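Listed below, chain by chain, are the residues.
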Amino acid sequence: MSGFDTIIEGVLLGGVYALFALGLSLIFGIMRLVNLAHGDLILLAAYLVLSATTALGLPLAAASLLVVIAMFVLGFVLQRLVLERVLGNDILPPLLVTFGLSIVIQNGLLLGYGADSRRLQAGAFESSSVALAPGLSVGLAPLTALVTAVAAVALLQLIFYRTSLGRAFRATADNPEIAQLMGINERNVYAIAVGLSLAVSVIAAVVLGIRASFDPSIGPARLLYAFEAVIIGGLGSLWGTLAGGIVLGLAQAIGGRINPEWQILAGHLAFLTVLMVRPRGLFPARRT
Amino acid sequence: MSVESIPIPASRKQRPADAPVWQVRVGTRLSRVAAVAGIALIVALAALPAIASRNLIQDLIFVFTMLTLAQLWNVLAGWGGLISVGQQAFVGLGAYALFAGIVMAGLDPVAAIPLAGLFAALIAAVLGPLLFRLEGPYFAIGSWVAAEALRLICAQFKSLGGGTGMSILPGELSQMVGLKAVQALLGLRPAAARDVLVYWLALLLAVLITLGIYAFMRSHHGLALAASRDNAAAARSVGVRTARTRHVLWIAVAFATGMVGAVVYLQKARISPDAAFSVTDWTAYVIFIVVIGGVRTIEGPMVGVLLLWGLVTYLAQYGSLYLVVLGTLAILIMLFMPNGVWGAAARRWQLQLFPTRRRLGRSESGRMPF
């Protein structure tokens, strides 16, 4: 059964990576912005949830909801005050600004919370498991993470293709000038997109914090996993991103089973292999 | 720094003897003054170990190596448009190649430095075609992933210390080329003499690479590179081989970055995968130097590295606060002074110490332009 265990573990891990990737994919799709601070923003959200549960004494669900709102506002403000000024034809300024932001957040968290590992407390939930078949049980927390990832993709798809906000997103992504002529406020669309991206990141942060301990230095690695999931899955498709996350999770689980030191490396090598064999990803969007 | 003047040939034949001629010029009067001052400064810096303290020498090794890395990143990302966040890969590869050369092959450290550069260039040549499949901003994270993969691979080599790293014993460096001569010349103990030797190597690299980049940017290859960045399709339409230009630049920068990595770790004499492939040390600081000083200028990184050195003295003891301050400063500069400190000063006072822009000017016929 150990091979089967590894596959289950990999698929569940993939759910977490897909959650990391959704926010990144979202703003790249809409505004061609690659947010190098994405991983550190996930960590910031995790620490904010931690503070809300410990300092304010809120239950985890209420704390998460509060932080979702806070991160949405932060994203909106970040776009309006900072990112908006550097978006343009030259891709250097936005990359450098988000890279600077990454270093500032990471070291700011180190100043504020110290380098110790932390964890979000979810009570009995984190250690309980469900039996899928005789002799095969799965941790409830990782399973919930995967289900959450699927739900998040479905919800984002719904927003994209069934609401007027989604129409505005797609129109702005296709052609910002013409979208403006049609009465869409481009600045607001972008700001809502960044806000939504950070709000989705809070879900990723909560899942991360329940599953494993975290410290301020692990943000960049989350960015890399998110990015790998997006590229493996293929640009422009949220379901592809979910699949990419699962492929990455599987590669890491299999590599880790062979030799624990190879877990992360196996993920990176899987990414480079996909880049070599199928540069457009495994499940690219049909639309080019 | 010679004056580049290209009289336009067609007008030369037909023009009357005393008619003015249009000429393309790059040099300015100030740039020629700067060249003379620059040579004097280099000579002074080369002679400095005769009087300077060991602390100052070590500080200046930091300044020279960071300056070189900043110049290299600037040409790659600023002029070339290849925005890499993974240059630590080549610092680390150079450093590991140096250690492997010394420990496993018994090479002389000084001879191992160019080999370390070649090794970094070789890996860059392999990775390049793969990473170039990622467009624009995705190339940035892709290069970072590659650097992380290489860090994890280097940690697998148990003979080079695995994940925890290793040190080179002073005894293994005592036979280094030139060390005895420096000891005798300056009357220093081996450890201090090694610092002086590394100092000269770092100075040499900084000067050669800065001048090399400057010559490259003034050549038609530099023009082709900038054109590929600004509009690849238009550049191709006038005969620029954009893909090849970028690939060659990527490999050349990796070669030089690898040599710098080797020089840095020759001085440290201790290596670990986390330190040699640190994104903070070898890419974040480098990017901050370039952004604060001014992207797409030769002078910018020089100003930036001096500011960084100044801030280190006051803030380095606070560790993470130092990085928060630097990062915030870089973001603010990007927002409000996108050409950096040097760029703003140059625009205000019309300064150009290393001009790369071609200007059209009239010159009287028969007279050589200055």
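Residues numbered from 1 in each chain as written. Chains lettered and ligands numbered in written order. Predicted model: local features only at pLDDT ≥ 70, side-chain atom pairs only at ≥ 80, totals over all residues.

(A) Here's a closer look at the overall build of chain B. Looking only at helices and strands, chain B features 17 helices and 5 strands. The C-alpha radius of gyration computed for chain B amounts to 22 Å, which stays within 12% of the reference 21 Å derived for 370 residues, consistent with globular compactness. Expressed as lengths along the three principal axes of its C-alpha atoms, the size of chain B is roughly 75 × 50 × 40 Å. Burial analysis of chain B (370 residues in total) assigns 42% to the buried set. The contacts in chain B between residues at least 6 apart in sequence include a share of 74% that link residues at least 24 apart. (Helix = DSSP H or I, 4+ residues; strand = E, 2+ residues; numbered from the N terminus. Rg over C-alpha atoms; globule rule 2.2 N^0.38 Å. Buried ≥ 20, exposed ≤ 12 C-beta atoms within 10 Å, placed from the backbone. Contact = placed C-beta atoms within 7 Å.)

(B) Spotlight on the overall build of chain A. Broken down by element type, chain A carries 11 helices and 2 strands. For chain A, the N- to C-terminal ordering of α and β elements is α-α-α-α-β-β-α-α-α-α-α-α-α. The dimensions of chain A, computed from C-alpha atoms along their principal axes, are 60 × 50 × 35 Å. For chain A, the proportion of its 288 residues judged to be buried stands at 53%. Long-range pairs, those at least 24 residues apart, make up 73% of the contacts in chain A between residues at least 6 apart in sequence.

(C) Layout of the interface of chain A and chain B. Across the boundary between the two partners, chain A contributes 34 residues, which contact 32 residues of chain B. Listing elements by their share of the side of chain A that touches chain B, those giving two or more residues are α3 (60–86), α4 (92–113), α9 (219–233) and α11 (263–277) of chain A. Per-element accounting of the side of chain A that touches chain B gives the leading share, 14 residues, to α4(A).

(D) View of the confidence of the model for chain B. Of the residues in chain B, 92% reach a pLDDT of 70 or more, and the chain-wide mean stands at 87. Scoring of the predicted complex yields 0.90 for pTM and 0.91 for ipTM. (pLDDT = per-residue confidence, 0-100.)

(E) Inspection of the environment of N35(A) at higher detail. Residue and element names in this part refer to chain A. Inspection of the secondary structure assignment puts N35 in the loop between α1 (2–31) and α2 (38–54). Linking N35 and I178, residues 143 residues apart in sequence, is a C-alpha distance of 25 Å. If near-sequence neighbours (up to four positions away) are discounted, N35 is found in contact with L24, I27 and T98.

(F) Quick peek at unusual backbone geometry. Even without a glycine there, the phi angle at R32(A) is positive, about 55°. Structurally, R32(A) can be placed in the loop between α1 and α2. Judged by local crowding, R32(A) falls into the partly exposed class, with 14 C-beta atoms found within 10 Å. Although it is not a glycine, A269(B) sits at a positive phi angle of roughly 60°.

(G) Main features of α1(A). Residues and elements named next belong to chain A. The end-to-end C-alpha distance of α1, which contains 30 residues, comes to 44 Å, matching closely the 44 Å that a straight helix rising 1.5 Å per residue would cover. A maximum bend of about 30° is found in α1 at A21. Burial runs high along α1: 23 of the 30 residues are buried. Residue R32 follows α1 closely and has a positive phi angle near 55°. (Expected span 1.5 Å × (residues − 1). Bend = angle between axes of the 7 residues up to and from the residue.)

(H) Focus on the nonpolar core. Among the nonpolar cores identified, the biggest contains 206 residues, and L19(A), A45(A), V49(A), A193(A), L98(B), A262(B) and V263(B) are the most heavily contacted of them. When residues in this core are grouped by element, the largest group, 18 residues, is from helix α8 (residues 186–211) of chain A. Beyond its immediate sequence surroundings of up to four residues, A45(A) is in contact with V67(A), M71(A), S201(A), V202(A) and A205(A). (Core = buried A, V, L, I, M, F, W, Y, C linked by C-beta atoms within 7 Å.)

(I) Quick peek at helix α6 (residues 136–154) of chain B. In a regular helix each residue adds 1.5 Å, so 19 residues correspond to 27 Å; α6(B) covers 28 Å between its end C-alpha atoms and thus fits that length. Summarising burial for α6(B): 16 of the 19 residues are buried, a large majority.

(J) Region of interest: the pairing of strand β2 (residues 136–139) of chain A. Residues and elements named next belong to chain A. Strand direction decides the pairing type here: strand β1 (residues 129–133) and β2, joined by 4 bridges, are antiparallel. Note that in β2 the partner of A131 across the bridge is S137. In this antiparallel pair of consecutive strands, β1 and β2, the connection spans 2 residues, and G135 shows a positive phi of 80°. (Pairing = 2+ DSSP bridges.)

(K) Looking closely at the packing of helix α6 (residues 164–174) of chain A against α8(A). Residue and element names in this part refer to chain A. The N-to-C vectors of α6 and α8 enclose an angle of 110°; their axes lie 10 Å apart at closest approach. With respect to each other, α6 and α8 are oriented roughly perpendicular. Contact residues: A168, F169 and T172 in α6; E186, V189 and A193 in α8. (Axes fitted to C-alpha atoms, helices over the stretch in contact; angles between N-to-C directions. Parallel < 35°, antiparallel > 145°, perpendicular 65-115°, else oblique.)

(L) Main features of the environment of L122(B). Checked against the element boundaries, L122(B) lands in helix α5 (residues 109–131). A residue is classified by how many C-beta atoms lie within 10 Å of it, and L122(B), with 16 of them, is partly exposed.

(M) Quick peek at the environment of Y96(B). Residues and elements named next belong to chain B. With respect to the secondary-structure elements, Y96 resides in helix α4 (residues 88–103). Sequence-wise, Y96 and G258 are 162 residues apart; in three dimensions their C-alpha atoms are separated by 9.5 Å. Residue contacts for Y96: discarding those within four places in its chain leaves C154, L160, I271 and A276.

(N) Representation of the packing of α1(A) against helix α10 (residues 238–258) of chain A in the model. Residues and elements named next belong to chain A. For the pair α1 and α10, interaxial distance at closest approach is 6 Å and the crossing angle is 135°. Overall, the two elements α1 and α10 adopt an arrangement that is oblique. Considering only the axes of α1 and α10, their crossing is right-handed. Across the contact of α1 with α10, the residue classes tally to 15 nonpolar, 9 polar and 2 charged. (Left-handed = near helix turned anticlockwise from the far one by under 90°. Nonpolar A, V, L, I, M, F, W, Y, C, P; charged D, E, K, R; others polar.)

(O) Spotlight on the confidence of the model for chain A. Of the residues in chain A, 99% reach a pLDDT of 70 or more, and the chain-wide mean stands at 90. Mean pLDDT across the secondary structure elements of chain A bottoms out at β1(A), with 77, and peaks at α2(A), with 96.

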